[in-house]
Each structure stands twice: as C-alpha cells, then as structure tokens.
Amino acid sequence: MAPLKTVPSSDVRLGMFIHGFEGSWWEHPFWRTRFLLTDLQDLQRLRAFRGGVIIDVAKSQATASATADTASTDAPATALPPPAADAAPAAPLRASFSVEQAKAAAVVAGAFETVRSTFDDVRLGRAVAQEKVASLVDDIAGQLDRNASALLRVLQLKSKHQYTYLHSVAVCTLMVNFARHLRMDDETVRALGLAGLLHDVGKMAIPEAVLDKPGRLSAEEFALVREHPERGLALLREDPTMPALAKEVCLHHHERWDGTGYPHGLKAEAISVPARMGAICDVYDALTSHRSYKRAWLPARALGAMWSWAGHFDQQLLFQFMRSINLYPPGLLVRLASERLALVLHNGARATRTRLLVFYSFADAAALDPTLLVLTGAGSDDAVVGFVEPAASPVAVPDLDLYPPQSVTN
Ligand SMILES: [Fe+2]
C-alpha cells in the first residue's frame with residue numbers, strides 16, 4: 001500500500017489524514033496542510049476545493065483509508081470518525097460503514113449549514129427563517145424514522161467549532177424522538193423539534209468573547225449569559241407564526257424542578273412539560289459532547305449523573321427520556337415487561353446496549369438466580385417499563401461492583 005495517494009476533493013472522507021494539496025498552496029482552503037480530517041466543517045470546505053488532495057493512507061483511519069485505496073465515487077458521503085466518548089483508547093473503526101450512518105451524516109451536515117445560516121441571520125439582525133428551519137425538522141424526523149441510532153451516534157461527533165450549531169440539531173433530534181416516544185401528535189412533535197433547534201438562539205445576542213471564554217466567568221458575564229432565554233424569546237416573538245411551544249421552551253429550558261433555575265425560578269409543575277423536556281435534552285447533549293473544557297461523557301455516565309442530581313429534573317420525565325433512547329444508568333433498578341426486577345449493570349465501552357441483571361420475579365413474588373439480560377432494542381427481547389426505588393426492592397439488591405464492565409457483551 002502506497003503511503004501517499006492523491007484523490008479528487010469529492011472523494012475525501014472524514015478520518016482521512018490530509019498530507020497536502022495539489023497546486024499552489026494559496027489556492028487551498030487550509031492554513032495547515034497536514035492533519036487528520038475529523039471536522040464536518042473542514043470536510044465541507046475541503047469538498048469546495050477543486051483539485052487533488054494528497055492523503056497519507058498509513059495515517060488515515062481504517063474506513064477512510066479503505067476508501068482512499070479504492071477512491072470510489074459512489075461511496076457514502078462521509079465516514080464516521082471514532083465515537084466521541086471517554087472510553088480509553090480510540091477503538092479502530094469498524095470496517096463496514098453502514099449506509100444509514102452515511103445518510104445520517106448527510107442530514108447532519110445539511111442541518112449544520114441551515115442552523116448556522118439561521119443563527120448568522122439572527123446575529124445580523126434578520127428574522128428567523130422559520131420555513132427553512134421547519135423543513136429541517138422534517139428531514140430530521142424522517143431520518144429518525146429510518147434509523148434513530150445512526151443519527152444519534154453521528155450527533156455525538158461534534159467538534160468545538162461546530163458545537164453551538166450541532167448542539168441545536170442534536171437537541172432537535174432528541175426532542176423529536178422524545179416527543180414521539182410520549183406519543184404526542186405530529187404538530188406538537190414538529191413544534192418541539194423547532195423548539196430544540198431554536199432554544200439557544202438568544203445566545204446570538206451575547207458577545208462571543210463571553211460565550212467562548214475559557215475559564216470562569218465574572219458575575220457580570222454570568223448574568224449576561226443567563227439573559228439568553230429572554231433574549232431568545234424576544235427574537236422568536238418577531239415571527240408572528242412562531243409556535244407557542246418553541247417560545248416556551250426557549251424561555252424556560254433552564255428552569256429546574258426545585259425552583260433554582262432561571263429566568264423565573266419556576267418550580268415543579270409550574271414548569272411546562274415541553275420546557276422540562278427541553279431541559280433534559282439540552283443537558284444530556286451537553287454532557288455527551290466534547291467541549292473545550294471537558295471530554296464527552298459516555299451516555300450511560302451522563303444519564304447516571306442526571307439521575308443523581310436531586311431537584312434538577314422531573315424524574316418521571318427523565319426516566320421516560322431514558323426509555324426514548326433505550327439507555328439507562330448503571331445502578332438503576334428497573335421493572336421489566338416480563339414482570340421481573342433487574343439492576344442496570346455497567347456496560348463498558350459498548351454504550352449502545354443496556355446490560356441488566358434480572359434477580360426477582362413480581363409474578364411469582366420470588367427471588368431469581370441473578371441472570372444477565374442484554375437489551376438490544378430489537379423488539380424481541382424484554383423491555384424496561386418502570387423504575388423502582390432501591391428501598392422498595394422486595395429482596396436485597398445485588399452488588400453492582402460484583403459485575404464490572406465488559407468491553408464485549410454480545
Ligand atoms: Fe440554553
């Protein structure tokens with residue numbers, strides 16, 4: 001295998017190691033010529049470059065270098081970099097890259113551009129182009145229909161620069177998925193998707209120097225950031241056709257169940273269900289994303305932290321959110337459709353599967369020999385239907401530490 005290979009810019013994929021560009025250096029779009037391509041925005045800029053791109057095949061990641069070898073023109077639009085998670089060393093890319101993940105990546109890339117241009121418009125004092133954003137919600141909803149897990153996985157791959165925009169796309173996706181899980185009607189689902197896309201639009205009214213500031217904010221800066229829900233509402237009110245739900249989520253997505261949130265310090269049921277949903281989706285996506293000051297958390301770790309923050313969220317709704325993404329934090333006791341009680345185990349690097357230890361039968365009112373059950377979400381296995389407080393367990397709960405994470409579960 002030759003270490004260097006030149007491919008047309010249309011064949012460049014995420015995960016390729018860019019060694020250089022054909023032609024004059026000032027014609028190509030990057031100040032640096034040698035780097036691993038992991039950023040969607042960089043990929044889009046690179047695709048616009050008309051000329052040959054020199055790839056270092058040896059330094060490219062598995063899937064991307066396989067593509068470089070064949071330089072196929074009908075390959076998927078983008079390839080996935082490794083999962084953005086805090087699992088120790090990056091696992092090699094799986095050789096087979098699913099078409100669904102490519103489609104999901106294409107939806108995300110389109111969504112990224114739409115949200116960026118919408119937010120830029122707002123920054124420049126233009127109104128939110130609701131039509132454009134609403135059709136994006138339809139694209140996202142369609143992709144969720146085809147393959148929800150592929151889309152959710154692609155959305156974990158945010159890099160620092162893409163954060164604000166892709167966070168909006170991710171919250172939209174989670175909201176649509178969550179609202180459908182709660183069997184809300186189509187119009188509500190659409191409005192909540194729009195709410196997810198626009199919940200942080202008020203940040204465009206906050207100076208970038210404050211939003212992007214590394215380290216601690218001063219009290220004045222913090223107060224400025226906390227204005228973003230109200231600033232957002234003011235922006236969304238400019239559009240008389242903006243759904244009320246989108247304005248509601250924008251204004252109240254930082255309220256907390258115990259009344260310690262902002263801007264109004266609303267408590268419990270005084271916070272609308274859409275705003276409570278927005279708070280959950282917003283924090284879940286923030287925790288599972290890479291930021292300049294922290295690495296992404298694995299989804300199960302994020303859910304565990306959120307579950308442990310007493311008073312932050314509506315716990316019943318948080319549990320429903322877990323059901324909507326079919327993931328649960330280790331240590332949670334769950335009731336199964338089969339009328340059995342189970343403990344959620346650590347699932348190690350395999351974050352997309354929930355491992356359970358079944359240990360009690362409600363139907364027989366009897367303890368069971370602890371048995372491992374892996375929920376694949378394929379529909380044929382058991383399902384989680386509720387959660388049980390540890391104090392309410394009819395028998396002693398098995399010790400979670402006796403069941404350490406496994407890297408391979410099935
Ligand atoms: Fe926010």
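Residues numbered from 1 in each chain as written. Predicted model: local features only at pLDDT ≥ 70, side-chain atom pairs only at ≥ 80, totals over all residues. Heavy atoms only, no water.

### Brief notes about the packing of helix α5 (residues 163-181) against helix α13 (residues 315-325)
Two packed helices can be described by the angle between their axes and the distance between those axes.
(1) Moving on: Close contact between α5 and α13 brings their axes to 9 Å; oriented N to C, the two are set at 100°. With respect to α13, the axis of α5 lies roughly perpendicular. Contacts between α5 and α13 involve L174, N177, F178 and H181 from the first element and L317, Q320, F321, R323, S324 and I325 from the second.
(2) Moving on: Taken together, the residues of the contact of α5 with α13 break down into 5 nonpolar, 4 polar and 1 charged. (Axes fitted to C-alpha atoms, helices over the stretch in contact; angles between N-to-C directions. Helix = DSSP H or I, 4+ residues; strand = E, 2+ residues; numbered from the N terminus. Parallel < 35°, antiparallel > 145°, perpendicular 65-115°, else oblique. Contact = heavy atoms within 4.5 Å. Nonpolar A, V, L, I, M, F, W, Y, C, P; charged D, E, K, R; others polar.)

### Some thoughts on the packing of aromatic side chains
(1) Moving on: Counted according to the given criterion, the structure contains 7 aromatic pairs.
(2) Moving on: Aromatic pair F319 and F387: ring centres 5.0 Å apart, planes at 55°, arrangement tilted. Taken as a pair, F319 in helix α13 and F387 in strand β9 (residues 384-387) lie far apart in primary sequence, 68 residues in all.
(3) Moving on: The class for F319 is buried, based on a relative accessible area of 2%.
(4) Moving on: Relative to F362, the ring of Y360 has its centre 5.4 Å away and its plane inclined at 80°; by these criteria the two rings are edge-to-face. (Phe/Tyr/Trp six-rings, centres within 6.5 Å; stacked < 30°, edge-to-face > 60°. Buried < 20%, exposed > 50% of the residue type's maximum accessible area, 1.4 Å probe, protein only.)

### Examining the pairing of strand β8 (residues 366-375)
(1) Moving on: In the sheet, strand β7 (residues 354-361) pairs with β8 via 7 bridges, with the strands oriented antiparallel. Within the sheet, the bridge partner assigned to T354 lies in β8 and is L375.
(2) Moving on: Count of turn residues in the β7/β8 antiparallel hairpin: 4 residues, of which A365 carries a positive phi of about 50°. (Pairing = 2+ DSSP bridges.)

### Description of the coordination of the iron ion
(1) Moving on: The protein atoms that coordinate the iron ion are D200 (OD), H228 (NE2), H253 (NE2) and H254 (NE2), at distances spanning 2.2 to 2.3 Å.
(2) Moving on: If you look at the iron ion, its 4 donor atoms make angles of 85 to 171° with each other, and the shape they trace is irregular.
(3) Moving on: The motif formed by the donor residues of the iron ion, counted along the single chain, is D-x27-H-x24-H-H. With D200 in the loop between α6 (186-198) and α7 (208-211) and H253 in the loop between α10 (244-252) and α11 (273-287), the pair connects residues that are 53 residues apart, well separated along the chain.
(4) Moving on: For D200, a relative accessible area of 3% corresponds to the buried category.
(5) Moving on: The exposure class of H253 is buried, given its relative accessible area of 2%. (Donors = N, O, S within 2.8 Å, 3.2 Å for Na, K, Ca; no water. Tetrahedral: all angles 85-135°; square planar, octahedral: opposite > 155°, others 65-115°.)

### Let's talk about the nonpolar core
(1) Moving on: In this structure, L197, Y284, F321, V334 and L356 are the most contacted members of the largest nonpolar core, which totals 73 residues.
(2) Moving on: When residues of this core are sorted by domain, at least three fall in each of domain 2 (97-315) and domain 3 (328-407).
(3) Moving on: One finds L14, M16, V53 and I55 within the second-largest nonpolar core, a separate group that totals 12 residues. (Core = buried A, V, L, I, M, F, W, Y, C linked by side-chain atoms within 4.5 Å. Domains from an automatic or database assignment.)

### Quick word on the sheet that holds strand β4 (residues 52-56)
(1) Moving on: With respect to topology, 4 strands assemble into an open sheet ordered β1-β4-β2-β3, the strand pairing being antiparallel. The open sheet has two edge strands, β1 (4-8) and β3 (35-36), and neither has a second partner.
(2) Moving on: As defined by bridge partners, strand β2 (residues 17-21) adjoins β4 across 3 bridges and the pair is classed as antiparallel. Residue pairing across strands places F21 opposite V53, the latter belonging to β4.

### Topic: α10
(1) Moving on: Buried residues of α10: A246, V249, C250, L251 and H252, and no others.
(2) Moving on: At its buried positions, α10 is contacted by α5, α6, α9 (228-237) and α11.

### Notes on the environment of I54
(1) Moving on: Position of I54 relative to the elements: it lies in strand β4.
(2) Moving on: Each C-alpha atom of the pair I54 and E22 lies 7.1 Å from the other, and the pair is 32 residues apart in sequence.
(3) Moving on: When residues no more than four places from it in sequence are discounted, the contact partners of I54 are L4, K5, T6, F17, I18, H19, G20, F21 and E22.

Structural measurements only, silent on function.
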